[in-house]
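# Close look at the chain arrangement
Residues per chain, in single letters:
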Amino acid sequence: MNNEIILKTEKLNKIYLRGEERVWALKDIDLTIKKGEFVAILGPSGSGKTTLLNLLSGFDKPTSGKIIFLDKEISLMKEKELQKIRSKYVGFIFQNFLLFPHLTVYENITLPFYFNKRKDKKEKIYEIAEKLSLISRLKHRPSQLSGGEMQKVAIARALIIEPLILFADEPTGNLDSENAFNIFKIFETLSKEGYTVVVVTHNWELISKFNVRKINLKDGKIV
Amino acid sequence: MLILIIKNILRRKIRTFLTVLGIGVAIFLLFSLLTFNQGYKNSLIKELDLLGVHMLAVPKGCPYEAASLIVHGGIIPKYLKEEDLKTIKNIPEVEIATPIFLAQLVEDDRISIIYGIDIESYKKVKKYWKVKGRFFENNENDKIVIGSDVAFQEKLTVGDEIYFRKFNKIYQVVGILEYTGGQDDGFYFLPLKEVQRIFNKESLITAIGIKVKNLEKIEEVIKKLEEIPDLQVVTMTQVLGTILNLIGQANSLIYTIIILALFISSLGVINTMLISVLERRREIGLLKVIGANNWDIVKLIFFETLILVILGALLGIILTIGGNKFIETFIKEIITHSPKKIEINFDWKIAATIFLYSLTIAILASIYPILKAINLRPMETIRSSDE
Ligand SMILES: Nc1ncnc2c1ncn2[C@@H]1O[C@H](COP(=O)(O)OP(=O)(O)OP(=O)(O)O)[C@@H](O)[C@H]1O
Ligand SMILES: [Mg+2]
């Protein structure tokens, strides 16, 4: 498709301090992600997957190295600038969905609009809900939904700002295999539409069914 | 944004209700006391006005007793003599000097306040008095005039008879005072001579009400009066001062209690907001992830606090308006020498004070929770509380 580079890292290192102990969570990570790519970060527990994702999305700062997002070095940015970039270009999906239980599906999906200068476009909301087959669920509360549906609501919420890139940390960790497959199917479709999708998972079996670029981490290194 | 805040408040209905109730009650207490104080002062001034005299000559003694008891009816176990009255009448600056014999009649468990008056001069003092029926003449020793409250409570009308067992005497009600709003409504009025006779105090008087011709000369009159032995003068401003002083002492205690109540209810708001921030750490983290900046978080928490406090203030004001009667009886019970009727009016100045107070509480109560929320590291909070 498009060969435009969206995200790039150079010699990325992250060392956590746990009391006296130093945990070298990431070692010299060089990585390039292009627009529209579907990327899976794989590896055993503790290999640094979440750490990498938090650095790529600007929520954590590297100990050394560079992160370049759309030609800007975000590792040097102030939180305020980062926050602006995130609210415009970046969507997040979590393992435990993180929906607001007291709000309806519709309200949960449109939540980002409260904090975003963008206008609340009705057609866009219905288009996304339609694509994720949530139309009949818009008036329901999260507690009335299945796990798979809840994760779809979270995806809709991430998509509502029309981000360039989607980050998902173990998005299928709380789902059965059928629902997990459906969620990955959605990611695949989205990447074909031009969204860049970066997913952390350790579900090898599932990932093998999709045409994904795999990044394997072990002890903080790409292998 | 507002919808988000309101939905959040409605999420914890009972906690919200209790917090709001706490503020409401504290503000109710504060509001009531402030309004009450003003009403109390106004009523006192009005009541003293109704007395119609500029000063009272009373026997030398405790000034507190003299001042407040004369106004509200009571006895002083000391008397003035009829010569004193003559001396006072001879002072050229004195317009009216009217003798009063004040006595309490205790029968069964009831205390009736009996006012012996010289009707001719007393009528001049109480120019505004209107009477249903007529006044008695000074020599009609079996006729009585009663205040409107007495008439109402004893179910008496003009022409009825009153029997005082202690004196074994029947009086005929010739007149009933029209409602004055003052203490007079609760008194029995008899000719001076008759009261002196039944209490065995011939030619003695409790007090002399004095009206001067020219208010500027009042100091001269006081000087001359104080030359009379065993007599002291109480001016109406002194009476007012004395009584306000008494209230002041009772007030400082009440204020302390109320300030404590306000303080505790403020802690309640801080506590509610803090819990609400802590139990929502993950949600706040998520809001940051989906685009909320620190300023958005500040607004969310501050307006949530503000809504709680304003709801509390409104509840407090409603309680105040609804609970006036209750407060009136309550305070009259703890403060003696209360005016008969305390006018409690809604005062916008007080309401504004309370609004400012609420705003301050909202700001103070949200500072700590806001700092907590702002310093949350979104990804860590989201991860740390994984189910
Ligand atoms: N805030 C932190 N402070 C100290 N050490 C940390 C911190 N976060 C992560 N680590 C350590 O860094 C290493 C990588 O952690 P990370 O969470 O990135 O692994 P992961 O691949 O996401 O694991 P999992 O599959 O269990 O989620 C681990 O050894 C972890 O204990
Ligand atoms: Mg992880």
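Our focus in this paragraph is the interface of chain A and chain B. Taken together, the 20 residues of chain A in the interface contact 24 residues of chain B. Of the roughly 2300 Å² buried where chain A meets chain B, counting both sides, 66% is carbon and sulfur surface. Per-residue buried area on chain A facing chain B is highest for A:His102, A:Tyr114 and A:Phe115; these three make up 28% of the total on that side. Counting the contacts that link chain A with chain B gives two salt bridges. Between A:Asp60 and B:Arg377 there is a salt bridge, and its shortest N-O distance comes to 3.7 Å. Sorting the residues of the side of chain A that touches chain B by element identifies helix 1 (49-56), helix 2 (79-89) and strand 6 (90-94) of chain A as the ones contributing at least two each. Looking at the side of chain A that touches chain B residue by residue, the class counts come to eleven nonpolar, six polar and three charged.

Our next topic: the side chain of B:Thr305. Here B:Thr305 shows up in helix 11 (residues 294-334). In this view, B:Thr305 contacts B:Val269, B:Met273, B:Ala362, B:Ala365 and B:Ser366; residues no more than four positions away in its chain are not counted.

Residue and element names in this part refer to chain A. Across the sheet, six strands lie side by side as 6-7-8-3-9-10; this open sheet has mixed pairing. The sheet terminates laterally at strand 6 and strand 10 (221-222), the two strands that pair on one side only. In terms of strand pairing, strand 7 (residues 165-169) meets strand 8 (residues 196-200) through five bridges, oriented parallel. Counterpart to Asp169 in the pairing with strand 8 is Val200. Running at roughly 165° to strand 6, helix 5 (residues 147-159) makes contact with strand 6 and strand 7 of the sheet.

All right, on to the site of ligand 1 then. Close to ligand 1 lie 14 residues, the nearest being A:Ser45, A:Gly46, A:Lys49, A:Thr50 and A:Thr51. The residues that come close to ligand 1 belong to more than one chain, namely chains A and B. In the environment of ligand 1, an oxygen atom lies 2.9 Å from a nitrogen or oxygen atom belonging to the backbone of A:Gly46. In the model, an oxygen atom of ligand 1 is placed 2.7 Å from a nitrogen or oxygen of the A:Thr50 side chain. If ligand 1 stood free it would expose 630 Å²; the protein chains cover 73% of that surface.

This part is about the environment of B:Ile297. Residue and element names in this part refer to chain B. Summarising the element assignment, Ile297 is placed in helix 11. Taking the C-alpha atoms as reference, Ile297 lies 7.4 Å from Ile370; in sequence the two are 73 residues apart. If we skip the residues at most four places from it in the chain, Ile297 touches Ile284, Leu287, Lys288, Ala292 and Ala373.

What follows deals with a nonpolar patch on the surface. Residue and element names in this part refer to chain B. Taken together, Ile14, Phe17, Leu18, Leu21, Val25 and Leu319 make up a surface patch of nonpolar side chains, about 550 Å² in accessible area. A per-element tally of the nonpolar patch places helix 2 (residues 13-51) first, with five residues. By the secondary structure assignment, Phe17 is in helix 2. Residue Phe17 is classed as exposed on the basis of its relative accessible area of 51%.

Our focus in this paragraph is the nonpolar core. Ranked by internal contacts, the top residues of the largest apolar core, which has 77 residues, are A:Leu7, A:Leu52, A:Phe167 and B:Leu287. In terms of residues, this core owes the most to one element, helix 11 of chain B, which gives ten residues. With sequence-adjacent residues up to four places away left out, A:Leu52 is seen in contact with A:Leu12, A:Leu26, A:Ile29, A:Leu31, A:Ile41 and A:Leu217. Counting residues in each nonpolar core, the second largest holds 42 residues, with A:Phe38, A:Leu42, A:Ala168 and A:Val212 among its members.

This part takes up the side chain of B:Ser121. By the secondary structure assignment, B:Ser121 is in helix 5 (residues 119-125). With near-sequence residues (within four places) excluded, B:Ser121 lies in contact with B:Ile96, B:Ala97, B:Thr98 and B:Pro99.

Let us look at the packing of aromatic side chains. Evaluated as defined, the whole model comprises 24 aromatic pairs over all chains. Between the aromatic rings of A:Phe38 and A:Phe184, the centroid separation amounts to 6.2 Å while the plane-to-plane angle is 35°, which identifies the pairing as tilted. Taken together, the positions of A:Phe38 in strand 3 (residues 38-42) and A:Phe184 in helix 6 (residues 177-192) put the pair 146 residues apart, joining distant regions of the chain. The exposure classification of A:Phe38 matches that of A:Phe184, with both residues buried. A centroid spacing of 5.7 Å and a plane angle of 70° characterise the contact between B:Phe164 and B:Tyr188, whose relative ring orientation is edge-to-face. Note that B:Phe164 is positioned in strand 7 (residues 161-164) and B:Tyr188 in strand 9 (residues 187-191), a separation of 24 residues in sequence.

What counts and how
- Residues numbered from 1 in each chain as written.
- Chains lettered and ligands numbered in written order.
- Predicted model: local features only at pLDDT ≥ 70, side-chain atom pairs only at ≥ 80, totals over all residues.
- Heavy atoms only, no water.
- Contact = heavy atoms within 4.5 Å.
- Buried area = accessible area lost by both parts, 1.4 Å probe.
- Salt bridge = Lys/Arg side-chain N within 4 Å of Asp/Glu carboxyl O.
- Helix = DSSP H or I, 4+ residues; strand = E, 2+ residues; numbered from the N terminus.
- Nonpolar A, V, L, I, M, F, W, Y, C, P; charged D, E, K, R; others polar.
- Pairing = 2+ DSSP bridges.
- Axes fitted to C-alpha atoms, helices over the stretch in contact; angles between N-to-C directions.
- Near = heavy atom within 4 Å.
- Polar contact = N/O pair within 3.5 Å; in protein donor to acceptor, adjacent residues only side chain to side chain.
- Areas by Shrake-Rupley, 256 points an atom, 1.4 Å probe, with all protein chains shown as cover.
- Patch = residues over 30% accessible without salt bridge, like charges linked within 9 Å, V, L, I, M, F, W, Y side chains within 5 Å.
- Buried < 20%, exposed > 50% of the residue type's maximum accessible area, 1.4 Å probe, protein only.
- Core = buried A, V, L, I, M, F, W, Y, C linked by side-chain atoms within 4.5 Å.
- Phe/Tyr/Trp six-rings, centres within 6.5 Å; stacked < 30°, edge-to-face > 60°.

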